[in-house]
Amino acid sequence: MNFDILIPLLAATVLSGTPVLYATLGEIITEKSGVLNLGVEGVMMVGAFSAFFVAAATGSPWLAFVAAGVVGMLAVSLHGVVCLWFQGNQVVSGLALTLLGSGLANYLGTPYVGTKAPGFSAVALPGLSRIPALGEIFFNHDPLVYLSYLLPPILWFFFHRTGIGLGLRAVGENPAAARAAGLNVQRLRWIGILVGGFFMGLGGACLSLAYTHLWTSSLSGGRGWIAVALVIFAFWRPGRAVFGAWLFGGVMALQLRLQASGAQVSSSLLLMLPYALTVIVLVFSSAWRKSDAAPAALGVNVEPGE
Amino acid sequence: MQLQILKRTRRISFQGAVAVFVSAILLSLFFSGVLLSLGGTPPLAGFTTLFQGGFGSRWALEDSVLKAIPIFLCSLGVAVAFRLKVWNIGAEGQYALGAIGATGVAIAFPDWPSWAVLPLMALSAACAGGIWGLIPALLRQKMHTNEIIVTLMFNYIAVYLLQYLVLGVWRDPNSHGFAVSATFSDAAIIGPLSGATSIHWGLVHCIVLGILLLLFFRYTRIGYEIRAAGENMNAARYAGIRVDFLVCLVIAISGGLAGWAGFVEVSATVNQLQPAMLVGYGYTAIVVAWLARLNPAGIAVASFLLAGLRVGVESLQLDLQVPADFGDILEGSILLMVLAAGLFLEYRIVRKGRT
Amino acid sequence: MKLKRLIITLAALVLAIPAVSFAAKEVKVGFIYISPVGDAGYSYAHNEGRKALEQMEGVTTSFVEAVPEGPDSERVALNMARKGYDVIFGTSFGYMDPMLKVAKKFPKVVFLHCSGYKTAQNMGNYFGRIYQSRYLTGVVAGSMTTSNILGYVAAMPIPEVIRGINAFTLGAQSVNPKVQVRVVWTNTWYDPATEKEAAKSLLDVGADVLAQHQDSPGPQEAAEEAGVYSVGYNTNMQSFAPKAHLTSAVWNWAPYYTKAVKEVQDGTWKPESVWLGMETGVVDISPYGDMVPQAVRENVDNLKQQIMDGGLKIFTGPIFDQQGKERVAAGQVATDDQLLNMNWFVKGVTGTLK
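Okay, so let's go over this structure. (Residues numbered from 1 in each chain as written. Chains lettered and ligands numbered in written order. Predicted model: local features only at pLDDT ≥ 70, side-chain atom pairs only at ≥ 80, totals over all residues. Heavy atoms only, no water.)

### Remarks on the overall build of chain A
Looking only at helices and strands, chain A has 12 helices and 2 strands in total. The N-to-C order of helical and strand elements in chain A reads α-α-α-α-β-α-β-α-α-α-α-α-α-α. Compactness check: chain A gives a C-alpha radius of gyration of 19 Å against a globular reference of 19 Å for 306 residues, within 12% of the reference. Its C-alpha atoms give chain A principal-axis dimensions of roughly 60 × 45 × 40 Å. Excluding contacts between residues fewer than 6 apart, the proportion of contacts in chain A whose partners are at least 24 apart in sequence is 77%. Working note: accessible area of chain A is about 10,400 Å², and carbon and sulfur atoms make up 70% of it. Side-chain charges in chain A split into 14 positive and 10 negative, and the spacing between the mean points of these groups amounts to 5 Å. (Helix = DSSP H or I, 4+ residues; strand = E, 2+ residues; numbered from the N terminus. Rg over C-alpha atoms; globule rule 2.2 N^0.38 Å. Contact = heavy atoms within 4.5 Å. Areas by Shrake-Rupley, 256 points an atom, 1.4 Å probe, with all protein chains shown as cover. Lys, Arg positive; Asp, Glu negative; His and termini not counted. Charge placed at Lys NZ, Arg CZ, Asp CG, Glu CD.)

### With respect to the pairing of strand 6 (residues 149-154) of chain C
Residues and elements named next belong to chain C. Counting buried residues in strand 6 gives 6 out of 6 residues, a clear majority hidden from the surface. Side-chain alternation along strand 6 places Ile149, Gly151 and Val153 on one buried face and Leu150, Tyr152 and Ala154 on a second face that is also buried. As paired strands, strand 6 and strand 7 (residues 180-185) are joined by 6 bridges and run parallel to one another. Residue pairing for strand 7: Ile149 is matched across the bridge by Gln180. In this view, the connection linking strand 6 to its parallel neighbour strand 7 by way of helix 6 (residues 159-175) has right-handed handedness. Relative to strand 8 (residues 209-213), strand 6 is paired through 5 bridges, and the arrangement is parallel. Looking at strand 8, one finds that Leu150 is bridged to Val209. (Buried < 20%, exposed > 50% of the residue type's maximum accessible area, 1.4 Å probe, protein only. Pairing = 2+ DSSP bridges. Right-handed = clockwise from strand over helix to strand, strands pointing away.)

### Focus on the interface of chain B and chain A
With 45 residues of chain B at the contact, the number on the chain A side is 45 residues. Roughly 4,000 Å² is buried in total at the junction of chain B and chain A, and carbon and sulfur atoms are behind 82% of that figure. Inspection of the region where chain B meets chain A yields 0 salt bridges. For the pair chain B and chain A, the number of links is 1 residue pair in polar contact (both at pLDDT 80 or more). Of all the elements in the fold, those that place two or more residues in the side of chain B that touches chain A are strand 1 (3-7), helix 1 (14-38), helix 5 (114-143), helix 6 (147-167), helix 11 (281-291) and helix 13 (326-346) of chain B. (Buried area = accessible area lost by both parts, 1.4 Å probe. Salt bridge = Lys/Arg side-chain N within 4 Å of Asp/Glu carboxyl O. Polar contact = N/O pair within 3.5 Å; in protein donor to acceptor, adjacent residues only side chain to side chain.)

### Things to note about the packing of aromatic side chains
Evaluation of the coordinates by the stated rule reveals 52 aromatic pairs over all chains. When the centroid spacing of 6.3 Å and the interplanar angle of 80° are considered together, the rings of A:Phe139 and A:Tyr149 count as edge-to-face. In this pair, A:Phe139 sits in the loop between helix 5 (134-138) and strand 2 (140-141) while A:Tyr149 sits in helix 6 (residues 143-161), placing the two residues 10 residues apart along the sequence. With relative accessibility at 23%, the residue A:Tyr149 sits in the partly exposed group. Between C:Tyr126 and C:Tyr257, the aromatic rings sit 5.7 Å apart at their centres with planes inclined by 80°, giving edge-to-face as the arrangement. Taken as a pair, C:Tyr126 in strand 5 (residues 123-128) and C:Tyr257 in helix 9 (residues 254-266) lie far apart in primary sequence, 131 residues in all. Under the relative-accessibility criterion, C:Tyr257 is labelled buried at 0%. Site record: aromatic cluster; members linked through ring pairs are C:Phe31, C:Tyr33, C:Tyr42, C:Phe63, C:Phe89, C:Tyr126, C:Phe127, C:Trp251, C:Trp253, C:Tyr256 and C:Tyr257. (Phe/Tyr/Trp six-rings, centres within 6.5 Å; stacked < 30°, edge-to-face > 60°.)

### Side note on the side chain of A:Ser268
Locating A:Ser268 in the fold gives a position in helix 12 (residues 267-289). A:Ser268 gets classed as buried once you look at its relative accessible area, which sits at 0%. Among residues more than four places away in sequence, those in contact with A:Ser268 are B:Tyr160, B:Gln163, B:Tyr164, B:Leu167 and C:Asn187.

### Here's the deal with the packing of helix 7 (residues 163-173) of chain A against helix 9 (residues 185-211) of chain A
All names here are of chain A. Running from N to C, helix 7 and helix 9 point in directions that differ by 105°, and their axes come no closer than 9 Å. The pairing of helix 7 with helix 9 is recorded here as roughly perpendicular in orientation. Each of Ile164, Gly167, Leu168 and Val171 in helix 7 lies in contact with helix 9, whose residues at this interface are Val185, Leu188, Arg189, Ile191 and Gly192. When the residues that make up the contact of helix 7 with helix 9 are grouped by side-chain class, the tally is 6 nonpolar, 2 polar and 1 charged. (Axes fitted to C-alpha atoms, helices over the stretch in contact; angles between N-to-C directions. Parallel < 35°, antiparallel > 145°, perpendicular 65-115°, else oblique. Nonpolar A, V, L, I, M, F, W, Y, C, P; charged D, E, K, R; others polar.)

Below you can see the structure in the form of structure tokens.
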């Protein structure tokens, strides 16, 4: 494979990894607080639809982007109510949220299938985009991609230097100890869920505002589940999530380019690659680090009134 | 007024539990009714059509039972794994592998009589589904990977594997090259119970497998160990129960049942392998298992109800032009409500100061 | 096979009971679609045909969309038959066997299946020779390319799609022998994100005209953004890529649907297999984009006329496959059977058939 193909491939990698990256970061925030939210797929779907809807109605992609985040928060608040208030099982509640969210987005979106809405398009960053190779790969994308570059350092700062971030981690590790230390466990978990949902909604918005400008049912196509897998791959670290998301995007972009350049491999087998790779990566990362990087109290509800 | 949540000291009465469930379902119906009217459909007419289409006639009931068969078997499998808190959400993939396993046999032995080919198809399907489940279980026990993700990724891989087979080696040369396998020989098809009904022998498979499973849990040592380990895995480990073995066994049974569902569906209703047979029964099965609180009898009821819902949604489409996705919304919201309602089964809410 | 079909048709002719024909018999027509009708694609085109039926006297219609092939489609067809529908159209290949089963149970209901080949006393099938349109779009694409690489985003390696790719390639080669067509399979029919990504991968290998056998306009969008040309499918996709869109290979079902339903009303309907060509109006190409030069337009219009007159047969030999093996001998025309079972690419196509 020569350079002419490699650079567009890497650029496509970054682009198709971005929606997954937002969602992965959202899930990391949620899981850090000890709450497992398997509803990412559903939340991305409602995020994608509300972004599309708002963009079509107002013509403002930025407003649509923020709206997707807010709707994402609304969607995950269902998970919060079920798990934090009503002590429902987190795994099953997440699955229900996926069903409900995808169903809702597809249902409400029916009249919009095949229509277009305004969105983001690529803006070359002045100066940076001139750097040979790197400019083309990293700095010739839509604004949502650039925004995603800033998130990992911000999140690192949040988790390691701010009171809320540190509290969130404490609650995820040991809710009882956190409570003894005077932290409000319920409130911090709510924050984790809601902020996480905001990012998942943004991930959905990337799909309908930047990746494509069309609406269709099941636009997310399983990317929410990939995000859940990448959280484990990333050991719950925002920085590593970037590489995870890009790796996934890269395999997706690669298999299509293999076909385009005439490789004689079955398309079904190539399309299997991203999912098979996720499993392989998961096996290696889990074997290497065991699972001690996970928040210790992940998925465990806190008894009310304790 | 301040409210306080207290753990129930006594178990909730049966009537109380029913009341909680019914109100949860009513609430979700209300919510989806609002959505219906937002879409321009009068909710009452909508629900009447839905009910009529799913349960309102002999045809509807037969259709719902037919659709419930694969859901029931998948859900039975899911419940076995969930009981041990092994989160197998790969029923869809295990179901696909079952269909693949059964098809392999049906295609390899087109001349065999029914009594030979059908049991072999079942065996092959159950093994294929079981192994598809076993791999994530082994990875979980040996490499500490998360079985939720691995089983889920295995669903996608199974879909493409099925596609690969019908586009490749198993593609029927007589169907103008479309992505389907050859139609099975009559011997490899599970027939209807009688000429008067479209319900096939798969229903009997469901009943027998359901009872066998019940007996297994109730009367065998391993069944007891699974129940014990499901209550408290660490305690079970201290008590000398081989938890690793149990996890693998449970998920193999789970996958085997989903595989069996794939066998019944591919043989009785589809008669050939085709990608379109994967319509999400494996995911519905999870909803069913949880609604039924993992109880086999409950699973039978819940899978019938959800199958009826799916069938009824088609009438809703035909008569009132409501999009098919309405079924997902209804399923999702019922599940969320019932989950939330679970609180009232274990806790009670009182005004502060009273106990 | 052929003989059998002939016997069935003859038997059906004899058995067909001419219904008493009133001015306009009340007819309820049901449609079963594989995808949502709003997709601007395949089902949308069928649904436009259904709307034309609504204009007919005495005809009422309804549809069920997003029906998976297999058991679900059987139940939907069954439901329609029970609810008193007189004519049921099923528009996806996988509905064939389910519809056949239902047709046997409801001998008075007329079943019409799109893209299949099995018929019964009360079941016919129909499809259009969209490859004729593909050929013409290929001529346009071959005239407009400068890199001599055409990209083709395709759904599944089945004969219907392969035939389209081959016709497109032959069309392009007829005006530009150096042209090559690169194919990427997505294994999806409607997934804008994946299909757009697939289109981009074709741009990366140098394609400057993108064609598609997909229902989503994703590839059109990719072409528009990259400033290259595009060829649409199903319906006129110009609105998705005003600067890129050269033309589309389009379906126009209204003439056939109104004819078939009229026959049922009149009691003259007979079960048959029809493969409708450009002369019936069922397949066509959409109006050219402004960038298509006059000379190209004239050439394509001329070829279109020849196809409609029957003077130009697309798959006329010599035709060689990817490996250089002769598939259609010089002077021969490929038979419909060959076309329906086509599982090889013509020379000049780069892509896998697996």
